[in-house]
Amino acid sequence: MDDSAAKPAQTFRIETAGGAPRIAASIAVLIVLVLALLPMVASRTLVQDFIFLFYMLALAQCWNLLAGYAGLISVGQQAFVGLGGYLLFALTLIGGLNPLLAIPLAGVISALCALPTALIVFRLRGAYFAIGTWVVAEVYRLVFAQIKPLGGGTGTSLTSSVTSSVPGIEQVRALLDVRTPAARDIVSYWVALTLVVATLAAVYFILRSRRGLALGAIRDQEAAAAGLGVDIYRIKLAVYVATAAMTGMIGALIYLQKARISPDAAFSVLDWTAYVIFIVVIGGIGTMEGPVIGAVVFYLMQRYLADFGAWYLILLGTLGILIMLFAPRGLWGLILNWRDVTIFPIRRRLTTSRR
């Protein structure tokens, strides 16, 4: 008698780990709705603070996708922040485009510029890649410092005709009975909220897709992933270009709200890469939840400790060192040690069943 015929067959299936997706989605929609209505009752200072929080969170998610999943440790993401900002100024001041139309167009052009950049930096590995991305950002800074129509080395400002042409300002001013600068901040707030939600959704669906599964394999063991047929170069290039597009749009929004740009500010490694790395590291690299926590912690420290000057930077550095020493998985890792929760269900697990 054949023993194998008596045994039930086993089937294997890959599932995405997560609890109650409908409940999580409902809570997420509620949070976004509350945030959308916040400018109706919040002060202008709070609105500006949330704009800052939104674009730092969006930048952190982009860098986390690049470094935490694709393994591309870049210290030159300020290249695309500055590029997006300068493209916004060029498209509005020189091209005469509407600012809200210029933001997605800045993202598209940033993605196109990322392709030749990738051909250079992808030849490098490890620390050389990191240094290479920083050098590329410095090249961008020097190039834009030579463009006289955009202010050269001293930079330039958006004209009042451009800042006042953002759709919705007049309607918000009439509806909420606020002045034009406050109405402009509220419109910028809604655009920033839309952009951060779109960034989170884009990263989430990338990680849930087959490319996300390939990214997880690359992160865990690149050689093994290549042996299983994963096109390492193509996946990394796609992630690099996608994050460049998102970062370019974020940069355009940042400098639409600031209304002034200069090469040193737009391509600042401290403001747009070092702080972003800090957010991801203290929150938890390689997770979507980590940058959210890290962004909130960074915002609170910036809000209440920035007046201490050099001590503020010392505190940031000390916190980063302590997290890396005693909680290498970040603050989100500490939460997972206490309780196994999932906000963004992207982890895969293999399940078996008998039939």
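Small disclaimer: the values here were computed from a predicted structure and weren't measured. (Residues numbered from 1 in each chain as written. Predicted model: local features only at pLDDT ≥ 70, side-chain atom pairs only at ≥ 80, totals over all residues. Heavy atoms only, no water.)

This part takes up the side chain of N64. With respect to the element layout, N64 can be found in helix α3 (residues 44-69). Residue classification places N64 among the buried positions, given a relative accessible area of 1%. What N64 contacts, discounting residues up to four positions off in sequence, is Y69, V280, G284, I285, G286, T287, M288 and P291. (Helix = DSSP H or I, 4+ residues; strand = E, 2+ residues; numbered from the N terminus. Buried < 20%, exposed > 50% of the residue type's maximum accessible area, 1.4 Å probe, protein only. Contact = heavy atoms within 4.5 Å.)

Okay, the packing of helix α5 (residues 99-121) against helix α12 (residues 232-258) next. Running from N to C, α5 and α12 point in directions that differ by 140 degrees, and their axes come no closer than 7 Å. In this structure, α5 crosses over α12, and the sense of that crossing is right-handed. (Axes fitted to C-alpha atoms, helices over the stretch in contact; angles between N-to-C directions. Left-handed = near helix turned anticlockwise from the far one by under 90°.)

Our focus in this paragraph is the pattern of salt bridges. Applying the stated criterion to the full structure yields 6 salt bridges. Between R141 and E138 there is a salt bridge; the shortest N-O distance is 3.0 Å. Here R141 pairs with E138, and both are found in helix α6 (residues 127-144), just 3 residues apart, close to one helical turn. A salt bridge links R141 to D264, with the nearest nitrogen and oxygen atoms 3.2 Å apart. Of the two residues, R141 is situated in helix α6 and D264 in helix α13 (residues 263-266); the sequence distance between them amounts to 123 residues. Among the residues examined, D264 registers a relative accessible area of 52% and is labelled exposed. Connected via shared salt-bridge partners are E138, R141 and D264. (Salt bridge = Lys/Arg side-chain N within 4 Å of Asp/Glu carboxyl O.)

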